[in-house]
Structure formats: structure tokens, C-alpha cells
Amino acid sequence: MRRMIPLLLICCLLLSACGAAAPAPTEPPEHLTTVAQLPRLQPEPPAPGRMPELPVSQETERPAREAEPTAAGQTEETPAEPAEETASVPQRVVDPTRPMVALTYDDGPHAVYTDQILDILEEHGAVATFFEVAANLHKAPDAVRRAADLGCEIGSHSYRHANLGKMDQAAQQADQAAADALFQEVLGTTPSLLRPPYGSMNKTLKTTSGRSIVTWSIDPEDWRCRDADTVVSRIQAEKSLDGQVILLHSIYDSTVEATETLVPWLLEQGYQLVTVSELIQYRFADQVEPDRVYGYDYFRTQLPALPTETEPAAA
């Protein structure tokens, strides 16, 4: 019994030492919350048809900055770089108080010479009227479109350069319809002017074509002589070219050479180079009407006197 007492004392001492070594549990401060106390957050289900959004880390590339709203509620976008300014083509103005003449070119377009004539006209800010054979349009369609873009007038010279004056109404209309189809294909429009090949026409063509028929008043016969100097001298020999329509052909290199001399010379003489329709409208103070003929007698005998500019009345 006496031996058991010391053993019990030793056990009590060991138990007391172990209890002192282990710290007593403490309550967390009031301002802290343990993980166990945090409410468990449930992710919201994505809307139907929409993928759930993923968190973006700092390493993720940021999207481009969106346009910021302005005071008016509109978005302010980054200004685009200004486009290069294109040189504006000066508008050609016809002065009815000054003399004018119309250069006209038949039988084209030509794959080379039409563009060369246009080069001369463009260089001098001038225009002309081209009476094209529809069957030739495929030879230089870009040249015809260029002529129209430069302000030149495009007229019809029939479908295949046939003698319309020897045709009946059905044949004339068939020729015109075939020509119109090709003009529509190349230009997107059909000519309102018609120059019959050889200047040949009959009463049927004059009254049923639905076109304004235009011939000429000066013919230097460039088609016959094929010489530039002769063509130029014949035109320069005329006493006056005011109100006149000059017949040329765009299928000869000699005509190109003659044009190179004529255009600057006419401008130096004070003439305005205009289209046929402009000549009728501004020089003759008339209208271009369908089923009407504008020929030699019209341009030679109906030329009115040039109007004079009236001085403004004194205040």
C-alpha cells in the first residue's frame, strides 16, 4: 500500500506537466471571422444561350478601349486619318456672249487615235462630239467612256455605217435598236443624237427616228486628202467659224495631227470649243429636239448675232 502512494503521486505530476504545456483554446476576436463562419456563395446559373463569363487574370490582354460617351450621349470614336484630297476638276463654263465652234469626229472609236485626240482635248480643257459606229465600240470601249467622262458628247453613227437614207422604216429601226444595245452595254445609256452615214436621210428617218439628226456645216474632207496641213488650211481659210460644226474622222493619224494644230489655234482665235448640243443651246439659243434636223442650212443661215453683256444700271 505504501508503495502505491508514490506511484500515484508520480502519475499526478506527469499529468499536471502535460496540461501546462498545451495552451488553452481561445475565442477569435470579434472583428475577425473564421472561414467556417463565411456564407457559402453559390454561382448564378448563366442565362439561357449565353456562355458563363470567366474571370480575367491580370496577365490576360486587355480589350481595346471602347469609345467614351460624350455629353450628348453619342460615342466619341478615334478620329480617322484624313483622306488625301483629290484635285477637283474645274467646271467648264460656256459663255453665250463669246463665239464658239463644235469639232465632231465620225467613224470611231479607234483603238489608238481616239485616245490621242482625247489627250489633245484634255490638255487644252476642250471638248468635242464623237459620232461612233456602234459595231466599232468593242475596239476601244474605255476610250468612249473616257470621252464621256471628259464632258464630250457621244452620238450614234448607226450600227454598221449603212446608208440609212436608202432604208425603209423597219430597217432603220432595226439598225437603231442594234446600235442602242451596244451603246447601252458600253456607256449604260443610249445617244440622243444621230448622224446618218454620208449625211444620207429620207423623210421617214427625219420624222420617226426619235433622235436629233445632226450633220455639219464645214467639211475639210480629211477622209479624202489624209493630209494634216491640208485639213488645217481648209478650216483656217473660213472667214468665220463661229457657230459652225466641223466634220472630222477619228480613224486617221493625219486627223490626229490636224487636231493637234487646230485645238490651240481655235482657242487663240477666241473660240470656245463646245459640244453640238451646247452649240445649239448657247449659240443659237435653241433646244435640241427629237425628230428634227440640224444641218448645213441651220448652222449657216440661222446664226444669230452674239448677245452683248449689258452694263449694270447705276445705283
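Residues numbered from 1 in each chain as written. Predicted model: local features only at pLDDT ≥ 70, side-chain atom pairs only at ≥ 80, totals over all residues. Heavy atoms only, no water.

1. Topic: the confidence of the model for the protein chain
Stage number 1. Per-residue confidence for the protein chain gives a mean pLDDT of 81, with 69% of residues at or over 70.
Stage number 2. Every residue in residues 18-89 is under pLDDT 50, and counting partners more than four places away or in other chains gives 15 contacts.
Stage number 3. Within the model, pLDDT remains below 50 along residues 310-315, and this stretch shows zero contacts once partners closer than five positions in the same chain are excluded. (pLDDT = per-residue confidence, 0-100. Contact = heavy atoms within 4.5 Å.)

2. Here we look at the packing of helix α2 (residues 113-123) against helix α8 (residues 253-268)
Stage number 1. Where α2 contacts α8, the axes come no closer than 10 Å and their chain directions differ by 5°. One way to sum up the angle between α2 and α8 is to call them roughly parallel. In this structure, α2 uses Y113, Q116, I117, I120 and L121 to contact α8, whose residues at the interface are D253, V256, T259, E260 and V263.
Stage number 2. In terms of residue class, the contact of α2 with α8 is built from six nonpolar, two polar and two charged. (Axes fitted to C-alpha atoms, helices over the stretch in contact; angles between N-to-C directions. Helix = DSSP H or I, 4+ residues; strand = E, 2+ residues; numbered from the N terminus. Parallel < 35°, antiparallel > 145°, perpendicular 65-115°, else oblique. Nonpolar A, V, L, I, M, F, W, Y, C, P; charged D, E, K, R; others polar.)

3. Looking at the packing of aromatic side chains
Stage number 1. As enumerated under the stated definition, the model contains five aromatic pairs in all.
Stage number 2. With a centroid separation of 5.3 Å and 20° between ring planes, the pair formed by Y105 and F130 is classed as stacked. In this pair, Y105 is assigned in strand β3 (residues 100-106) and F130 in strand β4 (residues 129-132), connecting sequence segments 25 residues apart.
Stage number 3. Each ring, one from Y298 and one from F299, has its centre 5.2 Å from the other, and the planes form 85°; the classification is edge-to-face.
Stage number 4. Joined through ring pairs, the aromatic side chains of F284, Y294, Y298 and F299 make up one cluster. (Phe/Tyr/Trp six-rings, centres within 6.5 Å; stacked < 30°, edge-to-face > 60°.)

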